[in-house]
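Spelled out from the first residue to the last, the chains are:
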Amino acid sequence: MTTIGFLGAGKVARALATGWARAGHSIIVGTRRNEPPPWTKELNGVAGGTLEKAAQSAAVVVNALPGSAALEVVAGLESALSGKILIDVANAVDVNDMGFAVALRYAPTSLAEEIQAVLPSAFVVKTLNTMHESVMAAPNGLAFPPMAFLSGNEEAAKATVAGLLADLGWPAFNVIDLGDIRSARAPEAFILTVAPLVRALGPVAFALSVAR
Ligand SMILES: NC(=O)c1ccc[n+]([C@@H]2O[C@H](COP(=O)([O-])OP(=O)(O)OC[C@H]3O[C@@H](n4cnc5c(N)ncnc54)[C@H](OP(=O)(O)O)[C@@H]3O)[C@@H](O)[C@H]2O)c1
């Protein structure tokens, strides 16, 4: 059993916290107002607290913040996140008037690399940003199997995250280690395909996959 902290309590935090709580992990959901949303009360093993408390109490912390806010927030939590695995699921983009991504905020680097740079003592692992939140903890629900990608500098941290993905139902074959944190540039760029895909497919859940 791992204690998993969340920075942010939105749609992604809810999907992942629900999946990991059901798998037996202990969850602490951190919010800026220290007011956990109602969904946390519906789950066993889920507590609420401040962002700092979520970062401090957990062995593994999830960045489930908007990409526009993530870097500043995690930088302010540097000492609480020291030595922790930080799972980064965020996409940092400029959006059009429909709310769709039109440019990558940190290109030519990536949000994950920028986070690793401001948190040199944390182990940042990028994953799960290439899919709708409904797929993250339910990878068997699509007509074609999705893939999850891992980018990070520490092999042990990526192995821990791969184990947590397995707890959500991800088969090992569908989890691809892309390499060190610089490889996060590729999955982060997937967000630029979301607007044209929604135009083409309509409002359906989808995820990046690699046929082989
Ligand atoms: N939704 C998806 O399908 C999906 C898929 C892949 C990746 N992602 C990425 O995952 C991240 C989370 O997405 P989401 O859909 O869960 O977003 P969301 O529902 O909007 O939730 C964002 C959470 O972050 C909090 N937050 C916002 N600004 C903050 C700040 N400055 N300081 C502290 N907390 C702040 C919000 O709290 P308040 O209530 O206080 O504002 C809210 O709890 C984003 O980076 C997104 O790009 C989302």
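Residues numbered from 1 in each chain as written. Predicted model: local features only at pLDDT ≥ 70, side-chain atom pairs only at ≥ 80, totals over all residues. Heavy atoms only, no water.

1. Side note on the overall build of the protein
- Regarding its fold elements, the protein presents nine helices and ten strands.
- Taken over the C-alpha trace, the protein has a radius of gyration of 16 Å; the compact-globule value for 212 residues is 17 Å, and the two agree within 12%.
- Principal axes of the C-alpha set define a box for the protein whose edges measure 40 × 35 × 35 Å.
- A burial count over the protein gives 48% of its 212 residues as buried.
- Taking the intrachain contacts of the protein between residues at least 6 apart in sequence as the baseline, contacts between residues at least 24 apart amount to 69%.
- For the protein, the exposed surface amounts to about 9,700 Å²; the carbon and sulfur share of it is 56%. (Helix = DSSP H or I, 4+ residues; strand = E, 2+ residues; numbered from the N terminus. Rg over C-alpha atoms; globule rule 2.2 N^0.38 Å. Buried < 20%, exposed > 50% of the residue type's maximum accessible area, 1.4 Å probe, protein only. Contact = heavy atoms within 4.5 Å. Areas by Shrake-Rupley, 256 points an atom, 1.4 Å probe, with all protein chains shown as cover.)

2. Some words on helix 5 (residues 111-118)
- Buried within helix 5 are the following residues: Leu111, Ala112, Glu113, Ile115 and Gln116.
- Packed against the buried residues of helix 5 are strand 4 (60-63), helix 3 (67-75), strand 5 (85-88), strand 8 (123-126) and helix 8 (185-189).

3. A few points about the packing of helix 3 against helix 5
- Axis separation between helix 3 and helix 5 bottoms out at 9 Å; the angle between their running directions is 15°. Relative to helix 5, the element helix 3 lies roughly parallel. Crossing of helix 3 over helix 5 shows right-handed handedness. The residues of helix 5 that touch helix 3, namely those facing Gly67, Ala70, Leu71, Val74 and Ala75, are Leu111, Glu114, Ile115 and Val118.
- For the contact of helix 3 with helix 5, the per-class residue count stands at seven nonpolar, one polar and one charged. (Axes fitted to C-alpha atoms, helices over the stretch in contact; angles between N-to-C directions. Parallel < 35°, antiparallel > 145°, perpendicular 65-115°, else oblique. Left-handed = near helix turned anticlockwise from the far one by under 90°. Nonpolar A, V, L, I, M, F, W, Y, C, P; charged D, E, K, R; others polar.)

4. A short note on the site of the ligand
- The full set close to the ligand counts 22 residues, and Ala9, Val12, Arg32, Leu65 and Glu133 are the nearest of them.
- One of the backbone nitrogen or oxygen atoms of Gly10 is found 3.4 Å away from an oxygen atom of the ligand.
- Interatomic distance of 2.8 Å between a backbone N/O atom of Glu133 and an oxygen atom of the ligand.
- Protein contact buries 74% of the 900 Å² of open area that the ligand shows by itself.
- The set of elements that each furnish at least two residues to the shell around the ligand consists of helix 1 (11-22), helix 3 and helix 6 (133-136).
- Sorting elements by how many residues they give to the shell around the ligand places helix 3 first, with three residues.
- In terms of residue class, the shell around the ligand is made up of twelve nonpolar, six polar and four charged. (Near = heavy atom within 4 Å. Polar contact = N/O pair within 3.5 Å; in protein donor to acceptor, adjacent residues only side chain to side chain.)

5. Quick look at the confidence of the model for the protein
- When the pLDDT values of the protein are averaged, the result is 97; 100% of them are 70 or greater.
- Mean pLDDT across the elements of the protein bottoms out in strand 3 (residues 46-50) (95) and peaks in strand 8 (99). (pLDDT = per-residue confidence, 0-100.)

6. Observations regarding the sheet that holds strand 1 (residues 3-7)
- Across the sheet, eight strands lie side by side as 3-2-1-4-5-8-9-10; this open sheet has mixed pairing. This sheet does not close on itself; its edge strands, each paired only once, are strand 3 and strand 10 (175-179). Neighbour-to-neighbour, the strand axes of this sheet turn through a mean angle of 25°, independent of strand direction.
- Two strands pair when backbone bridges link them, and strand 9 (residues 148-152) and strand 10 are joined in this way by four bridges, in the parallel orientation. Among the inter-strand pairings, Phe149 is bridged to a residue of strand 10, identified as Ile176.
- Helix 1 contacts strand 1, strand 2 (26-31), strand 3, strand 4 and strand 5 of the sheet and is inclined by roughly 170° relative to strand 1.
- Where helix 5 meets the sheet, its contacts fall on strand 4, strand 5 and strand 8, and the angle it forms with strand 8 comes to roughly 175°. (Pairing = 2+ DSSP bridges.)

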